[in-house]
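# Geometric and topological summary
Chain residues, written in single-letter form:
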Amino acid sequence: MLQAGIVGLPNVGKSTLFNALVANAKADAANFPFCTIEPNVGVVAVPDDRLKVLCDLSKSAQIVPTRIEFVDIAGLVKGASQGEGLGNQFLSHIREVDAIVHVVRCFENDDIIHVAGSVDPLRDIEIIDLELGLADLSQIERRIERTRKQARANKDAQAEMIVLERLRAALDEGKSVRQMDLENEEKTLIQGLGLLTAKPIIYAANVAEDDLAAGNAWVEQVRQLAAQEQAQVVVVSAQVESELLDLPAADRTDFLEALGVEESGLKPLIRATYTLLGLRTYFTTGPKETRAWTIEAGMLAPQAAGKIHTDFERGFIRAETVAYDDLVVSGSMGAAKEKGLIRSEGKEYVVKEGDVMEFRFNV
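This section reports on the structure supplied with the text. (Residues numbered from 1 in each chain as written. Predicted model: local features only at pLDDT ≥ 70, side-chain atom pairs only at ≥ 80, totals over all residues. Heavy atoms only, no water.)

### Concerning the packing of helix α8 (residues 238–245) against helix α9 (residues 249–259)
Where we set the bar: As a rule, the C-alpha atoms of each element are fitted with a line to give its axis, helices using only the stretch in contact, and angles between N-to-C directions run from 0 to 180 degrees. Here a helix means four or more residues in a row that DSSP labels H or I, a strand means two or more in a row labelled E, and each is numbered from the N terminus. Reported orientations rely on four angle classes, namely roughly parallel under 35 degrees, roughly antiparallel over 145, roughly perpendicular from 65 to 115, and oblique for the rest. Each crossing gets its hand from how the near helix is turned against the far one by less than a right angle, where anticlockwise is left-handed and clockwise is right-handed. It only takes one pair of heavy atoms within 4.5 Å for two residues to be counted as in contact. Side-chain classes are defined by residue name, with Ala, Val, Leu, Ile, Met, Phe, Trp, Tyr, Cys and Pro counting as nonpolar, Asp, Glu, Lys and Arg as charged, and the others, Gly among them, as polar.
At a minimum axis distance of 10 Å, the contact between α8 and α9 shows a crossing angle of 155°. The orientation of α8 with respect to α9, classified from their angle, is roughly antiparallel. Judged by the sense of rotation from one axis to the other, the crossing of α8 with α9 is right-handed. Between α8 and α9, the residues in contact are V240, E243, L244 and L245 and R252, F255, L256 and L259, respectively. The residue makeup of the contact of α8 with α9, split by class, is six nonpolar, no polar and two charged.

This is the structure we're talking about:
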């Protein structure tokens, strides 16, 4: 299961947000830096309204959503790349995740200490970016030293050196690796390095309760910065999410409506993170269950079948496939078949987001 790491400065709301994400997570949330030292991991269901529609259509006994993992990583501080604030340990935790959710403080609260003494999201983002970039630069320089001797007689090492030198130059200029236009072959050469600034990123702008609907000037600053690297921004309120957990489910909708929003920021954040990880969903549905299955974008039908069972991939014959929208408009599998909307797809079929599938295979 792919993981998204929740990253940010201390006291920006990371652990509170994490607790809300996993509901029953045991991460401590307190008003002092380095409250979280060991990373907490939570498995989170991906909200998908299509599941309920398919369940009703098939009269399924149960719904099984797809899931992703979130990791609550302790706050980084200036100097983390040199070990400040247990920085080396925390950076290693970031290295292990597949994507980054960067929580940025966009609220004022005198009762919650800001490690830098004031609220300034652009400065906070710059601190984190700098520390991740310095950590990558240090790693690349060590790799260059090891590769230089091999490059004298090894063509693969020579190709790697070219990429490493490009990376070093970009990082020296303050750019992240994900902002570079790298070919697939180049990405493969550096894949084993686990570079921090190569990881896809999404910004979670953490606001006060009153700013959840409309945001504020700080949120706009984050959006402008994120647009420069084509990153997404999701507005959340850890304060609201914490309050929602204490309310009966029946009262949560009224609470959100009073704030001027239809849903909390968590659902958009989970869905955006799922997409950021390069994940897509296909469905199986029937009387027993309606289930969402996670695949990687571009995955072929046999590989998608293998998510259910390896025998499905090994003995794959074909996939009976219908688009979600076509199935819903038709009202049933039988009606969709009569309309010619159910397709028989072979081994080279690239599964599309929202496909509803049934696999034929040899045992």
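### Thoughts on the sheet that holds strand β1 (residues 3–7)
The strands making up a sheet are joined through hydrogen bonds of the backbone, oriented either antiparallel or parallel. Counted only if it meets this: For two strands to be treated as a pair, DSSP must find no fewer than two bridges joining them.
The strand order across the open sheet built from six strands is β2-β4-β1-β5-β6-β7, with neighbouring strands paired in mixed fashion. The open sheet has two free edges, formed respectively by β2 (40–45) and β7 (232–236), since each of these has just one partner strand. The average undirected angle you get between the axes of adjacent strands in this sheet is 25°. Taken together, the four bridges between β1 and strand β4 (residues 67–72) define a ladder with parallel strand orientation. Bridge pairing in β4 places Q3 opposite E69. Packed on one face of the sheet, helix α1 (residues 14–22) meets β1, β2, β4, β5 (99–105) and β7 and runs near 40° to β2. Of the strands in this sheet, β5, β6 (201–206) and β7 are in contact with helix α7 (residues 217–228), which crosses β7 at around 160°.

### Side note on the side chain of D72
Put simply, the rule reads: The definition of a polar contact used here is a pair of N or O atoms within 3.5 Å, where within protein one atom must be able to donate a hydrogen and the other to accept one, and adjacent residues in sequence count solely through side-chain atom pairs.
Summarising the element assignment, D72 is placed in strand β4. Among the polar contacts listed, one links the side chain of D72 to the side chain of S15, at a separation of 2.7 Å.

### Regarding the environment of D325
With respect to the helices, strands and loops of the structure, D325 is situated in helix α13 (residues 324–330). A sequence separation of 176 residues divides D325 from K149, and the C-alpha atoms of the two residues are 57 Å apart.

### Brief notes about the nonpolar core
Rules: Residues grouped as a nonpolar core are buried Ala, Val, Leu, Ile, Met, Phe, Trp, Tyr and Cys residues, joined through side-chain atoms within 4.5 Å. Each residue is assigned to one of three classes by its accessible area relative to the maximum for its type, calculated with a 1.4 Å probe on protein chains only: buried under 20%, partly exposed between the two thresholds, exposed over 50%.
L21, I68, F70, I94, V101, Y203 and L269 are the most contacted members of the largest nonpolar core, which totals 58 residues. By size, the runner-up hydrophobic cluster in this structure holds 17 residues, among which are A151, I190, L193 and L195.

### Notes on the environment of T285
Along the polypeptide, T285 turns up in strand β8 (residues 279–285). Sequence separation between T285 and S60 is 225 residues; the distance between their C-alpha atoms is 7.3 Å. In this structure the side chain of T285 is engaged in a polar contact, spanning 2.7 Å, whose partner is the side chain of T290.

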